[in-house]
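An overview of the molecular structure
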Amino acid sequence: MTSSASPRPFLYAGDHLACSGVDVSALAQEFGTPLYVYSGDAVRERIGMMEREFAPVTHTICYAVKANSSLALLARLGTIGCGFDIVSGGELERVRRAAPEAVSRVVFSGVGKQAWEMDAALEAGILLFNVESEAELELLAERAQALGKTARIALRVNPDVFAETHPYISTGLSEHKFGIAIARAPEVYKRAAGLAGIEPVGVSVHIGSQIRSVEPFAAAVQRVRKLVEQLRGDGLQIRFLDAGGGVGIEYGKAEFDPSASMEKYAVALRSELEGLEIHLLLEPGRFVIAQAGALISRVLYTKQNGKKHFVITDAAMNDLIRPALYHAHHEIVPVVRHASRSQQVSDIVGPVCESGDFFAQDRETQALHAGDLVALLDAGAYGMSLASHYNTRVHPAEVLIEAGEAKLIRRRETFDELFAAELF
Ligand code: LLP
């Protein structure tokens, strides 16, 4: 159970950290570390919040698979009615296997779709292609004709809206590689409408990720609404408005009420869409899964180098790259609290041979000793999905907690599996 006071399902029972009531030390004991632990209850709760806030409008939540593409997670999201936002043939295959009933609720985004990926999506009968360029539109028309199918499309427009977030994950400015400039869109729609195999049915927008204020979303949707009205005036049957993903969360210690923040977002979008008959598509990733997950790691060693104190964990940048890649902050908490221990400032680092392999720098935590377990919080999104095998390290195992039960949803790989595709 998530306490209403905490946006995270990771809470202390006495001095022991638990995930939705299940003792985290016991999970580490049973499944080993590094270990991703997710609360299925917390994921359902987030979807529930979105469903409630968007209930007044026709909508579909198309979970962004890239945030966490675990088959077990996709299966559960499919069962509760979600659709999916995919960006590759690989992600389509995940949905086909884990949630076949949801394939008709798939939207396909991405700037570099290949012919074979288009073919697979056309054959599968997905809901919508979010087309990002005219060249892509032409290839899609060609593939649809070759297969005797019709591709429902939206153009992903670039609204030239600035969303304050990390530059690597901001996408809505005209200088970014994403989408088609909104001013050019009517012309491209006209062209699309004339192409055999193409049915323009929507407009789509995504301005970036980890966006903490609603104004940029509202500004983008306002511009897109005007476009929808213009296109309808031109005689196009625009039925879908895809507002993308991007709703941010609090990674630090500050108060955060996910339900209030979703309400604000929904109220802003709904008011921009007031009176417009349209099927709203939403592509949340982080908001749904980030806080439901933590990466559990064991301290291997501690050492003092000059003035610096280091805590070396068995998890590394290959397991969770966000701190190294974006200087992202993740709270790090001890799995067992010891009242008798003092606080200590340290760099918490992994064993990978790169100075960028850190989880935190100059971070104050309870003094950590070799053998202790720590939890890196809010690691459910863009954690495992960005994991690599760098330094020939196997991926962490993954556990899902549901109704007080822990289920292993990904076992640790063997070296045989790791090397299986290599020839020598
Ligand atoms: N839709 C599209 C077209 C996207 O490109 C993305 C994320 C989403 C939806 C989901 O956005 P979300 O709701 O999760 O913010 N690796 C980075 C985040 C990259 C986001 C990429 N696109 C990180 O760890 O912060």
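With that settled, the discussion passes to the packing of helix α5 (residues 115-124) against helix α6 (residues 134-147). At a minimum axis separation of 10 Å, α5 and α6 run at an interaxial angle of 50°. As far as their axial angle goes, α6 and α5 are oblique. Seen from above, α5 lies across α6 with right-handed handedness. Side by side, α5 and α6 meet where Ala115, Met118, Asp119, Leu122 and Glu123 of the first sit next to Glu136, Leu139, Leu140, Arg143, Ala144 and Leu147 of the second. Here the residues of the contact of α5 with α6 are counted per class, giving seven nonpolar, no polar and four charged.

Another point: the pairing of strand β21 (residues 405-410). As defined by bridge partners, strand β20 (residues 397-402) adjoins β21 across five bridges and the pair is classed as antiparallel. In the strand pairing of β21, Leu400 is matched with Lys407. The turn linking β20 back onto β21 is made up of two residues, and Ala403 within it adopts a positive phi angle of 45°.

This next bit is on the site of the ligand. In the neighbourhood of the ligand, 17 residues make up the surrounding shell, with Ser209, Glu283, Arg322, Tyr326 and Tyr382 lying closest. Within the side chain of Tyr326, one N or O atom sits 2.6 Å away from a nitrogen atom of the ligand. Within the contact set of the ligand, an oxygen atom lies 2.6 Å away from a side-chain nitrogen or oxygen of Tyr382. When the ligand sits alone it has 590 Å² of accessible area, and the protein chains cover 91% of it. The residue makeup of the shell around the ligand, split by class, is five nonpolar, six polar and six charged. When residues of the shell around the ligand are sorted by domain, at least three fall in each of domain 1 (10-38 + 291-419) and domain 2 (109-284).

By the burial criterion, the buried members of helix α7 (residues 185-193) are Ala185, Pro186, Val188, Tyr189 and Ala192. One side of α7 holds all its buried residues, which, seen down the axis, span an arc of 160°. Those residues of α7 that are exposed and angled more than 90 degrees off the buried face are Glu187 and Lys190. On its buried face, α7 is in contact with α6, β9 (151-158), β10 (180-181), β11 (198-204) and α8 (215-233).

Taken N-terminus to C-terminus, the directions of helix α3 (residues 71-79) and helix α4 (residues 89-98) make an angle of 60°; their axes are 9 Å apart at the nearest point. It follows that α3 is oblique to α4 by the angle criterion. With respect to the hand of their crossing, α3 and α4 are arranged in right-handed fashion. The segment α3 lies against α4, with Leu71, Leu74 and Ala75 engaging Arg94, Val95 and Ala98. Per-class residue counts for the contact of α3 with α4 are five nonpolar, no polar and one charged.

A word on the packing of aromatic side chains. Enumeration over the complete set of coordinates arrives at six aromatic pairs. On the basis of an interplanar angle of 75° and a centroid distance of 5.9 Å, the ring pair of Phe54 and Tyr265 is categorised as edge-to-face. Of this pair, Phe54 sits in helix α2 (residues 40-54) while Tyr265 is found in helix α9 (residues 258-273), placing the two residues 211 residues apart along the sequence. Residue classification places Tyr265 among the buried positions, given a relative accessible area of 2%.

On domain assignment, one finds that the chain holds domain 1 (10-38 + 291-419) and domain 2 (109-284). If you look at the interface, domain 1 gives nine residues, while domain 2 gives 10 residues. Together domain 1 and domain 2 conceal approximately 830 Å² of surface at their shared face, both sides included; 53% is due to carbon and sulfur atoms. Considering only the surface of domain 1 that becomes buried against domain 2, Gln291, Tyr326 and Glu331 emerge as the three largest contributors, covering 53% of it. In this structure, the connection of domain 1 to domain 2 is made through one salt bridge. Between Lys253 and Glu331 there is a salt bridge, and its shortest N-O distance comes to 3.3 Å. In this assembly, domain 1 and domain 2 are joined by two residue pairs in polar contact (both at pLDDT 80 or more). Among the residues forming the side of domain 1 that touches domain 2, the class breakdown is three nonpolar, three polar and three charged.

To continue, consider the side chain of Glu331. Inspection of the secondary structure puts Glu331 in the loop between α11 (322-326) and β16 (332-334). Within the local environment of Glu331, its side chain forms a polar contact with the side chain of His329, the two groups lying 2.8 Å apart. When sequence neighbours within four positions are dropped, the list of residues in contact with Glu331 reads Arg8, Tyr251, Gly252, Lys253, Arg363, Ala375, Leu376 and Leu377.

Attention shifts here to the environment of Phe178. Along the chain, Phe178 falls in the loop between β9 and β10. Between the alpha carbons of Phe178 and Ser133 there is a distance of 8.7 Å; along the sequence they are 45 residues apart. Excluding its chain neighbours within four sequence positions, the residues that come into contact with Phe178 are Val111, Glu132, Arg156, Asn158 and Thr171.

A separate point is the nonpolar core. Grouped together as the largest cluster of nonpolar side chains are 103 residues, with contacts concentrated most on Phe84, Phe129 and Ile153. It is α8 that provides the largest number of residues to this core, a total of eight residues. Domain assignment of the residues forming this core places at least three in each of domain 1 (10-38 + 291-419) and domain 2 (109-284). Discounting chain neighbours no more than four positions away, the residues touching Phe84 are Cys62, Tyr63, Val65, Leu74, Leu77, Gly78, Val95, Ala99, Ala102, Arg105, Val106 and Val107. In this structure, Leu17, Ala28, Ile296 and Val399 belong to the second largest nonpolar core, which totals 20 residues.

So, how was this worked out
- Residues numbered from 1 in each chain as written.
- Predicted model: local features only at pLDDT ≥ 70, side-chain atom pairs only at ≥ 80, totals over all residues.
- Heavy atoms only, no water.
- Axes fitted to C-alpha atoms, helices over the stretch in contact; angles between N-to-C directions.
- Helix = DSSP H or I, 4+ residues; strand = E, 2+ residues; numbered from the N terminus.
- Parallel < 35°, antiparallel > 145°, perpendicular 65-115°, else oblique.
- Left-handed = near helix turned anticlockwise from the far one by under 90°.
- Contact = heavy atoms within 4.5 Å.
- Nonpolar A, V, L, I, M, F, W, Y, C, P; charged D, E, K, R; others polar.
- Pairing = 2+ DSSP bridges.
- Near = heavy atom within 4 Å.
- Polar contact = N/O pair within 3.5 Å; in protein donor to acceptor, adjacent residues only side chain to side chain.
- Areas by Shrake-Rupley, 256 points an atom, 1.4 Å probe, with all protein chains shown as cover.
- Domains from an automatic or database assignment.
- Buried < 20%, exposed > 50% of the residue type's maximum accessible area, 1.4 Å probe, protein only.
- Arc of directions from axis to C-beta.
- Phe/Tyr/Trp six-rings, centres within 6.5 Å; stacked < 30°, edge-to-face > 60°.
- Buried area = accessible area lost by both parts, 1.4 Å probe.
- Salt bridge = Lys/Arg side-chain N within 4 Å of Asp/Glu carboxyl O.
- Core = buried A, V, L, I, M, F, W, Y, C linked by side-chain atoms within 4.5 Å.

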